Amino acid sequence: MEQSLDLCTNHQSETECCEQLLKAVSSLNRGSTVIYPTDTLYGLGADAFNEASLQNIFDIKGRSDQQALPLLVENWDMVSYIAQDLNECGLKLSEQFWPGSLTLVFTANERISKLVTGGRDTVAVRQPNHWIALEMIKRLGRPIVGTSANLSGTPNLMNYCDLKTSLGHLVGHIVSCGPNPLGIGSTVVDVSTGEPSILRQGSISREDILSALC
């Protein structure tokens, strides 16, 4: 699903949104972190292939490095670059629910840092249904971290003022334009074995998941 630049909200023009995107992608390329909106929650992002940036995510959130970091991708081709043993179960679910609020857990390949996987052999991946996030990934040319923009164990931050106060001094840029997140986390389904296992219930129900696989 293509999303165009005329979807800007928050009283910001297309030009202002484009300028913010450039700043965000520039920050990612420099190894910095950014906060950006997705369709579910605000994300704390970093280049998925920059080890120092990945470590910075854990430092900012106060998060254990044994907890995996979810990644956001532009398309299925990007999934095939970071995961292996892709199967029909994962493909069917992605075709039904991507872009959208479904995170799929695949077997990671050797390209993915253990900081992303939390030392496991799997990687959590989602294609967001939000033009800002998708455009950032497209312009960077690589997956970005999609963990929630908050301190570990604290409530999700759902507006720009709270994000700036709590985390603004710790990141390179906060993207304040684009549609606001809905505030509901994604459903997480492990498809690494070829059989779906729901790890977290979100906006997509178990019934919808199973129906998509029939």
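Below, the structure is looked at part by part.

Conventions and cut-offs
- Position labels on residues start from 1 in each chain and follow its written sequence.
- Residue-level local features of this predicted model are given only where pLDDT is at least 70; pairs of side-chain atoms are given and counted only at 80 or more, and the full residue set underlies all totals for whole chains, interfaces and linings.
- Hydrogens and waters are ignored; side-chain quantities use all the structure's heavy atoms.
- A carboxyl oxygen of Asp or Glu within 4 Å of a side-chain nitrogen of Lys or Arg is what we treat as a salt bridge.
- Every helix listed is a DSSP run of H or I at least four residues long, and every strand listed is a run of E at least two residues long, numbered separately from the N terminus.
- Each residue's exposure class comes from its accessible area (1.4 Å probe, protein chains only) as a fraction of the maximum for that residue type: buried when under 20%, exposed when over 50%, partly exposed otherwise.
- At least two DSSP bridges between two strands are required for those strands to pair.
- Whether two residues are in contact is decided by their heavy atoms: any pair within 4.5 Å suffices.
- Throughout this description, the term nonpolar core refers to a set of buried Ala, Val, Leu, Ile, Met, Phe, Trp, Tyr and Cys residues connected via side-chain atoms within 4.5 Å.
- The criterion for an aromatic pair is that two Phe, Tyr or Trp rings (for Trp, the six-membered ring) have centres within 6.5 Å, with stacked assigned to planes under 30 degrees apart, edge-to-face to planes over 60 apart and tilted to the rest.

**So, the pattern of salt bridges**
- Tallying each qualifying case throughout the model produces 4 salt bridges.
- The partner of Asp-47 in a salt bridge is Arg-142, with the nearest N and O atoms 2.9 Å apart. Taken together, the residues Asp-47 in the loop between strand S2 (42-45) and helix H2 (51-61) and Arg-142 in the loop between helix H6 (131-140) and strand S7 (144-145) connect sequence positions 95 residues apart.
- Look at Asp-47 and you get buried, because its relative accessible area is 6%.

**Brief notes about the sheet that holds S2**
- Pairing in this open sheet of 4 strands is mixed, and the strands run S8-S2-S1-S9 from one edge to the other. If you trace the sheet from one side to the other, it starts and ends with strand S8 (147-148) and strand S9 (173-174), each paired once.
- Both S2 and S8 contribute to a ladder of 2 bridges, which runs antiparallel. Paired with Gly-43 across the two strands is Ser-148, which belongs to S8.

**Overview of the environment of Leu-86**
- Along the chain, Leu-86 falls in the loop between strand S4 (83-84) and helix H4 (88-97).
- For Leu-86, a relative accessible area of 30% corresponds to the partly exposed category.
- Linking Leu-86 and Asp-47, residues 39 residues apart in sequence, is a C-alpha distance of 23 Å.
- Apart from residues lying up to four places away in sequence, Leu-86 is in contact with Trp-76, Val-79, Ser-80 and Phe-106.

**A short note on the nonpolar core**
- Core analysis: the biggest nonpolar cluster contains 57 residues, and Ile-35, Leu-93, Leu-102 and Met-136 have the highest contact counts within it.
- Per-element accounting of this core gives the leading share, 6 residues, to H6.
- Among residues more than four places away in sequence, those in contact with Ile-35 are Tyr-42, Gly-43, Leu-44, Ala-149, Leu-163, Leu-167, Val-171, His-173, Ile-174 and Val-175.

**Looking at the packing of aromatic side chains**
- For the coordinates displayed, the defined rule picks out 3 aromatic pairs.
- Between Trp-76 and Trp-98, the aromatic rings sit 6.3 Å apart at their centres with planes inclined by 55°, giving tilted as the arrangement. Placement of Trp-76 in helix H3 (residues 76-82) and of Trp-98 in the loop between H4 and strand S5 (102-108) is noted, with a sequence separation of 22 residues between them.
- An angle of 75° between the planes, with centres 5.8 Å apart, marks the rings of Trp-76 and Phe-106 as edge-to-face. Taken as a pair, Trp-76 in helix H3 and Phe-106 in strand S5 lie far apart in primary sequence, 30 residues in all.
- For Trp-76, a relative accessible area of 25% gives the class partly exposed.
- Connected via pairs of aromatic rings, a cluster forms that spans Trp-76, Trp-98 and Phe-106.

Read these as layout, nothing more, since geometry by itself doesn't imply function.
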